[in-house]
Amino acid sequence: MALQCRLSGATFQSLKLATIPISSSSSRFIFRTLPKTLNLALFSRHSAPKAPPFSVLIRNLSAPAVAAAPAAETSDIKVVKPQWNAAIDFKWIRDNKEAVAVNIKNRNSNANLELVLQLYDKMLNLQKEVERLRGERNNVANKMKGKLEPSERQKLIEEGKNLKEALTTLEEDLVKLRDELQIEAQCIPNLTHPDVPIGWEDSSKLRNMVGSPRKFDFPIKDHLQIGKELDLFDFDAAAEVSGSKFYYLKNEAVMLEMALVNWTLTEVMKRGFTPLTTPEIVRSSVVEKCGFQPRGENTQVYSIEDSDQCLIGTAEIPVGGIHMDSIVAESALPLKYVAFSHCFRTEAGAAGTATRGLYRVHQFSKVEMFILCRQEESDMYHEKLIKIEEDLFSSLGLHFKILDMATGDLGSPAYRKFDVEAWMPGLERYGEISSASNCTDYQSRRLGIRYRPSESPSTTSKKGKTNLAATKFVHTLNATACAIPRMLVCLLENFQQEDGSVIIPHPLRPFMGGVEAIYPKSR
Amino acid sequence: MKGKLEPSERQKLIEEGKNLKEALTTLEEDLVKLRDELQIEAQCIPNLTHPDVPIGWEDSSKLRNMVGSPRKFDFPIKDHLQIGKELDLFDFDAAAEVSGSKFYYLKNEAVMLEMALVNWTLTEVMKRGFTPLTTPEIVRSSVVEKCGFQPRGENTQVYSIEDSDQCLIGTAEIPVGGIHMDSIVAESALPLKYVAFSHCFRTEAGAAGTATRGLYRVHQFSKVEMFILCRQEESDMYHEKLIKIEEDLFSSLGLHFKILDMATGDLGSPAYRKFDVEAWMPGLERYGEISSASNCTDYQSRRLGIRYRPSESPSTTSKKGKTNLAATKFVHTLNATACAIPRMLVCLLENFQQEDGSVIIPHPLRPFMGGVEAIYPKSR
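Residues numbered from 1 in each chain as written. Chains lettered and ligands numbered in written order. Predicted model: local features only at pLDDT ≥ 70, side-chain atom pairs only at ≥ 80, totals over all residues. Heavy atoms only, no water.

K.L.:
Can you break down the overall build of chain B residue by residue, with the values?
P.N.:
Helix and strand counts for chain B come out as 9 helices and 17 strands. The C-alpha atoms of chain B give a radius of gyration of 27 Å, which is well past the 21 Å a tight globule of 380 residues would have. Taken over the C-alpha atoms alone, chain B extends approximately 110 × 55 × 40 Å along its principal axes. Taken over 380 residues, chain B has a buried fraction of 52%. Restricting to contacts in chain B with at least 6 residues of sequence separation, those with at least 24 account for 72%. For chain B, the centre of its 45 positive side-chain charges and the centre of its 54 negative side-chain charges are spaced 6 Å apart. (Helix = DSSP H or I, 4+ residues; strand = E, 2+ residues; numbered from the N terminus. Rg over C-alpha atoms; globule rule 2.2 N^0.38 Å. Buried < 20%, exposed > 50% of the residue type's maximum accessible area, 1.4 Å probe, protein only. Contact = heavy atoms within 4.5 Å. Lys, Arg positive; Asp, Glu negative; His and termini not counted. Charge placed at Lys NZ, Arg CZ, Asp CG, Glu CD.)

And the structure:
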C-alpha cells in the first residue's frame, strides 16, 4: 500500500505492494512500515499541493484466506477511520481514469489516482471473496439441517467455524480497505470546465474589463494614509490588544461598512436571494465537507480549544451546511441565499508586501451569495453570479477585471472560478475583491445534499405504483458579493480628493444617512 | 573596602560582603515571590461598592424606575420561537447540525431587523457624542483578564483559540477597554465616549434549564455597546447619563421595562454599581435582562494601565520656573449595553405581534429597513 503526501514540497516515495497470490493459505500483503506517524501538512483550499485530511499509516492486511490460518495481528499501525464519507462514484473514476489523471496533473494535485484504482480493485475482489465465503457458510448451515452421522456433523461444525473466523477477518479487512479507499479518493479534486486555461496564475484568462484607472492630477495616498488622516482606523491599538492584522474601524468607516453591507444585501435580495446571518462557529467536519482543511501547519482555519469547533473563514461554510444530509424537492431549486457574516482567517503562510493595512486581515465582514441548483443549471448560475458582481462593482464606480482562473489556481472544490480584481491606485496594483466558484457536486457529495427529480408519467408501473426517481446531487456555487476591507481600500483610494476628502459613491449615500463625502476633521 | 586596610581586615570584609550578597539575593527572590503572591491574592479583591447599592442577592435588587406597562392582548399570544417559525425568521435546527445547540441562522426580515436595530442604535448614540467603532473579536487573553473576566477555568464564559493566547470576546467592552491600555491620556481628552458594534461569543457554560429557549440564551450575537473613560469625579454622573440613554432608546421602541439597581451579590468584581434593564417578554411570560450599565470606577483602569494627567494648576510652577507635572490618576471606566440583538428581537416579536400573525415594526426602525412597516406571514 502506498501513501503519497506532500509536506512543504517534499514527497514521499510510494511504496510498492508485494502481492501474494490469493490461493496460498497464509498470504498477506506486506508493507514496509514508516518509522513515524505521518503528520500531513494541510493547506488552505487555495494553495495547490494538498495532502489527505487524516493521519494515515501503513498497515498489514491479511489475505483472503480460505483455510485455517487466522489473521495475524495488525500490529503497530491502524488506519484512522474517516469521520464522514463523501459519496464518491468510484466506478465512474475507474471508467474515466485517463480524464481524471489529466485533471489531477493540470491542477497540480497530489491525489494518488493509481492508489485509488488499486484499492478499488482490491475492494471489489475482497467483496467477491466475502460473498463467496458467505455462500459457503450458508451451504454448510443448510447441510447441518439434515440427518447426519456424528463424524460428518463434527466436520461440518469445524468447517463452519473456520469459515466464520475467516469471514470475520475478511469483513474487518473490507472495512479498513473501504476507509482507506475513501480517504485517498476524497483527495481527488473536482473535474474542470473545458474552457478553463491550464497552468498557474499567469495563465488565467481575462474575461472582461470594466472601466479604466482614474487619472489623478495630484499626488495620491494609499488607504492607510487616508485612513490615518481621516481618523478612520486604528491598527496600532489593535496590535496591542489582539495582534498584527487586526484593526478597529472608526467614525465614517463604521457607517461606510454598514452602508456597504446594507446596500449589497438589498441589491442581491432584489435578485431573488434569501438573506441570512449565520453562525460563525461551526463543527470542523462541516468545514472539511466544504473542501477546507481545518488541521495542519498552514491552515487558514482558527480552531476553538477543547472542542471540535472552528471559526468560519467564509459564510459559504455555514450556508453549505444548512441542507446537509437531506433531500431537497426539485421544485424547491434553485435555492439562492445571500449571507452576511464576520469571517476569520489565520492567513498563515501569507507574508510580504501584499499584507499592508486592510488588504490582508484576520477578521472581516463579508456578504456572500450561495446557490444550490440542478446539475444542468450550474454553468448558467455561474454566469448569473459573475454578472451580479459585475453590476454591483460597476454601480460603485470601480475599475476592475474579471479573470477565468487557471487550473493550478482552482483549489479542490471548484470546477471553474472567476476572480474579480479591482484597481487600487494607492497600492498600485489590482487586488482580488471577489471570487465566484462553481463547485458542481464536489461539496454536495460531501455534505450529502441531494434532490429528487420530479417524477415523469412513464415511471408509474402497471399496478399504479409510482416509482420514485433516483436522487441526484445538487450543484453548489458561491460568490463574494462584498468583502468589506478590500472594498474600503478601493473606495478610499479611488475616490480620494486633493483636499484629503473621500467622495461616497451615490448608491451608498442613502444607506449612510445621506452623507456625500468624508471630510478631514478640523483639529 | 575603599580605604587602606590590613590584609586580614580586608579578608574579613570580603567574607562579610560575600555573605551579605548571598543573603540579599535570597531575600530579593523571596521578595519577588511574595510580591507575586500578594498581587494574585489582592487582585481577587472586588471593587468597592457605591453606598446606595442594596446589600444581598438578586432578590434584594432595588427597582429604580419602571417605564410603560404590559400590553393587554385580546387574542392568544405566541412566544418568539413560534412567531419566528411561522414567519420563517430563524432556523435553530439547521444550526444545531452545523454548529451545535444555542446557535441559529436569522432569515428574511429578521436580518433586516437586526441591521436596522444596529444602524438606528449607532445613529442615536452617535448623536449624543459617542465615537462609533467596530472592534477585533479575537483578543489576547491578558486583555480579557484585565477587564475583569476569567478566560480559564471550569465554567468560563470565554472561548479560547487553540494553540494561542487568544480568546473570542464576550462583549465589545473588552477590545474597547484595551484601546488605551498602558497609556496616559490628557485630561482635556476626557471623557472619551465610544459606541462599538461587534459580534459577541459566550460559552454559556453552566447555564441550563428553561431560561435558555430560543434567542434568550445563545452562543453568538450582535451587540452595540457604549463605553466611557472619564475623570474620577465624573463617573457617577456618566453612569446616570448612560442609563438615561438606555431608557430613551428602549422607550422609543415602545418597550415596557424596569430598571434595577443590582444588589451587592450580583455585581461581579469590576462593578462599583450596576443598573440592569429587564424588559417584558409576554411570550416567555417574564421580564428578561436586555441591558446592563456598570460603573467600574478604577478597577479596570488599574489593570489596563489607563491614566490621565490632570491639567496643571498655576501653583505647581516652582520658583525656578520649572513646571512640575501633576501626578497621574487612574481614569474611571463605564460600560452599558445600547442594544443586544437577540433579546431585542424577542421583545419586538413578542410585544408587537398581531392577531393575524404579523409583527409591527416600531416607527424609529422603519427608515432603517427601507420603510417596511410590518412583517407579514408569507403565503404558501
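K.L.:
If you had to explain the overall build of chain A to someone new, which residues and values would you point to?
P.N.:
The number of helices and strands found in chain A is 12 helices and 21 strands. Looking at chain A residue by residue over its 523 residues, the buried ones come to 56%. Counted over contacts in chain A with a minimum sequence separation of 6, partners at least 24 positions apart contribute 74%.

K.L.:
Residues and numbers for the sheet that holds strand E14 (residues 400–404) of chain A, please.
P.N.:
Read across the sheet, 10 strands follow the order E5(A)-E14(A)-E15(A)-E16(A)-E19(A)-E13(A)-E12(A)-E8(A)-E3(B)-E2(B) without closing on themselves; strand pairing throughout is mixed. The open sheet has two edge strands with one neighbour each: strand E5 (205–210) of chain A together with strand E2 (90–91) of chain B. Across 2 bridges, the pairing between strand E8 (residues 274–277) of chain A and strand E3 (residues 105–107) of chain B is antiparallel. Note that in E3 of chain B the partner of Thr277 of chain A across the bridge is Leu106 of chain B. Its contacts with the sheet put helix H4 (residues 109–127) of chain B on E8 of chain A together with E3 of chain B, and the angle it makes with E3 of chain B is roughly 100°. (Pairing = 2+ DSSP bridges. Axes fitted to C-alpha atoms, helices over the stretch in contact; angles between N-to-C directions.)

K.L.:
So, the nonpolar core: which residues are in play, and what are the values?
P.N.:
Ranked by size, the top nonpolar core spans 130 residues in total, and within it Leu260 and Leu398 of chain A together with Leu117 and Leu255 of chain B carry the most contacts. Those residues in contact with Leu255 of chain B that lie beyond four places of it in its chain are Val67, Phe250, Ile290, Met344, Cys347, Leu348, Asn351 and Phe352 of chain B. In this structure, Tyr105, Val185, Phe227 and Leu229 of chain B belong to the second largest nonpolar core, which totals 69 residues. (Core = buried A, V, L, I, M, F, W, Y, C linked by side-chain atoms within 4.5 Å.)

K.L.:
Mind laying out the environment of Val130 of chain A, listing which residues take part and the relevant values?
P.N.:
Residues and elements named next belong to chain A. Structurally, Val130 can be placed in helix H3 (residues 113–143). Among the residues examined, Val130 registers a relative accessible area of 2% and is labelled buried. In this structure the C-alpha to C-alpha distance between Val130 and Ser341, which are 211 residues apart in sequence, comes to 50 Å. Discounting residues that sit within four places of it in the chain, Val130 has contacts with Leu167, Leu170, Glu171 and Leu174.

K.L.:
Residue-level account of the UniProt feature "site: Important for serine binding" (unreviewed entry) in chain B, with values.
P.N.:
All names here are of chain B. The UniProt entry lists Thr337 under the feature "site: Important for serine binding" (unreviewed entry), expressed in the numbering used here. Structurally, Thr337 is set in strand E15 (residues 332–340). Those residues in contact with Thr337 that lie beyond four places of it in its chain are Lys223, Val224, Glu225, Met226, Glu246, Phe250, Ile290, Ser291 and Ser292. (UniProt positions renumbered as here; feature names shortened; annotations may be inferred.)

K.L.:
I'd love a proper account of the UniProt feature "binding site: ATP" (unreviewed entry) in chain A, names of residues and values included.
P.N.:
All names here are of chain A. Feature annotation in UniProt assigns "binding site: ATP" (unreviewed entry) to the following positions: Arg345, Thr346, Glu347, Val361, His362, Gln363, Phe364, Glu432, Ile433, Ser434 and Ser435. As for its placement among the helices and strands, Glu432 is situated in strand E16 (residues 429–438). Tracing the chain through its elements places Ser434 in strand E16. Among the residues examined, Ser434 registers a relative accessible area of 1% and is labelled buried. With residues near it in sequence (within four places) discarded, Ser434 still touches Glu389, Phe393, Phe418, Asp419, Val420 and Thr480.

K.L.:
Kindly report on the side chain of Thr203 of chain B, identifying the contributing residues and their values.
P.N.:
All names here are of chain B. With respect to the helices and strands, Thr203 occurs in the loop between strand E8 (192–201) and strand E9 (220–230). For Thr203, a relative accessible area of 17% corresponds to the buried category. Only 2.5 Å separates the side chain of Thr203 from the backbone oxygen of Thr156, close enough to count as a polar contact. Apart from the residues lying within four places of it in its own chain, the contact partners of Thr203 are Thr156, Gln157, Val158, Tyr159 and His219. (Polar contact = N/O pair within 3.5 Å; in protein donor to acceptor, adjacent residues only side chain to side chain.)

K.L.:
Which residues make up unusual backbone geometry, and what values go with them?
P.N.:
For the bond from Leu333 of chain A to Pro334 of chain A, the omega torsion is 0°, close enough to zero to count as cis. Mapping Pro334 of chain A onto the fold places it in the loop between strand E11 (326–329) and strand E12 (335–344). Put simply, Leu190 of chain B and Pro191 of chain B share a cis peptide bond, and its omega is 0°. Relative to the assigned elements, Pro191 of chain B resides in the loop between strand E7 (183–186) and E8.

K.L.:
Any chance you could break down the packing of helix H7 (residues 252–270) of chain A against helix H10 (residues 378–395) of chain A for me, citing the residues and the numbers?
P.N.:
Residue and element names in this part refer to chain A. Where H7 meets H10, the axes come as close as 11 Å, and the angle between the chain directions of the two elements is 140°. When the axes of H7 and H10 are compared, the pair comes out oblique. Seen from above, H7 lies across H10 with right-handed handedness. Contacts from Trp263, Thr264, Glu267 and Val268 in H7 reach Ile388, Leu392 and Ser395 in H10. Within the contact of H7 with H10, the residues separate by chemical class into 4 nonpolar, 2 polar and 1 charged. (Parallel < 35°, antiparallel > 145°, perpendicular 65-115°, else oblique. Left-handed = near helix turned anticlockwise from the far one by under 90°. Nonpolar A, V, L, I, M, F, W, Y, C, P; charged D, E, K, R; others polar.)

K.L.:
Summarise the environment of Ala326 of chain B; cite the residues concerned and give the values.
P.N.:
Tracing the sequence through the fold places Ala326 of chain B in the loop between strand E13 (306–309) and strand E14 (329–330). Placed 17 residues apart in sequence, Ala326 of chain B and Arg309 of chain B show a C-alpha to C-alpha distance of 6.5 Å.

K.L.:
Got a sec to walk through the confidence of the model for chain B? Specific residues and values, please.
P.N.:
Looking at chain B as a whole, the pLDDT averages 93, with 95% of positions reaching at least 70. Interface confidence in the predicted complex, given as ipTM, is 0.92; pTM for the same model is 0.86. (pLDDT = per-residue confidence, 0-100.)

K.L.:
Would you mind going over H7 of chain A in detail, with residue names and values included?
P.N.:
Residues and elements named next belong to chain A. When the terminal C-alpha atoms of H7 are compared, their 27 Å separation across 19 residues agrees well with the 27 Å that a helix rising 1.5 Å per residue should span. Across the 19 residues that make up H7, a large majority, 16, are buried. Of the residues one or two after H7, Gly272 is the one with positive phi, at around 90°. (Expected span 1.5 Å × (residues − 1).)

K.L.:
Requested: an account of the domain arrangement of chain A, with residues and values cited.
P.N.:
Residues and elements named next belong to chain A. As assigned here, chain A comprises domain 1 (90–187) and domain 2 (201–455 + 468–518). Look at where the C-alpha atoms of domain 1 and domain 2 centre, and you get two points 45 Å apart. Of the roughly 440 Å² buried between domain 1 and domain 2 on both sides combined, carbon and sulfur atoms contribute 34%. When residues of domain 1 are sorted by the area they lose upon contact with domain 2, Asn106, Arg107 and Gln186 head the list and together hold 90% of the total. Scanning the region where domain 1 abuts domain 2 turns up 0 salt bridges. On inspection of domain 1 and its partner domain 2, the count reaches 4 residue pairs in polar contact (both at pLDDT 80 or more). When its residues are assigned to classes, the side of domain 1 that touches domain 2 shows 1 nonpolar, 2 polar and 1 charged. (Domains from an automatic or database assignment. Buried area = accessible area lost by both parts, 1.4 Å probe. Salt bridge = Lys/Arg side-chain N within 4 Å of Asp/Glu carboxyl O.)

K.L.:
Describe the pairing of E13 of chain B, naming the residues involved and giving the relevant values.
P.N.:
All names here are of chain B. Where burial is concerned, the two faces of E13 differ: the one with Ile306 and Tyr308 is buried and the one with Arg307 and Arg309 is not. Both E7 and E13 contribute to a ladder of 4 bridges, which runs parallel. Bridge pairing in E13 places Ala186 opposite Arg309. One ladder, built from 2 bridges, connects E13 with E14; its direction is antiparallel. Across the sheet, residue Tyr308 finds its bridge partner in E14, namely Lys329.

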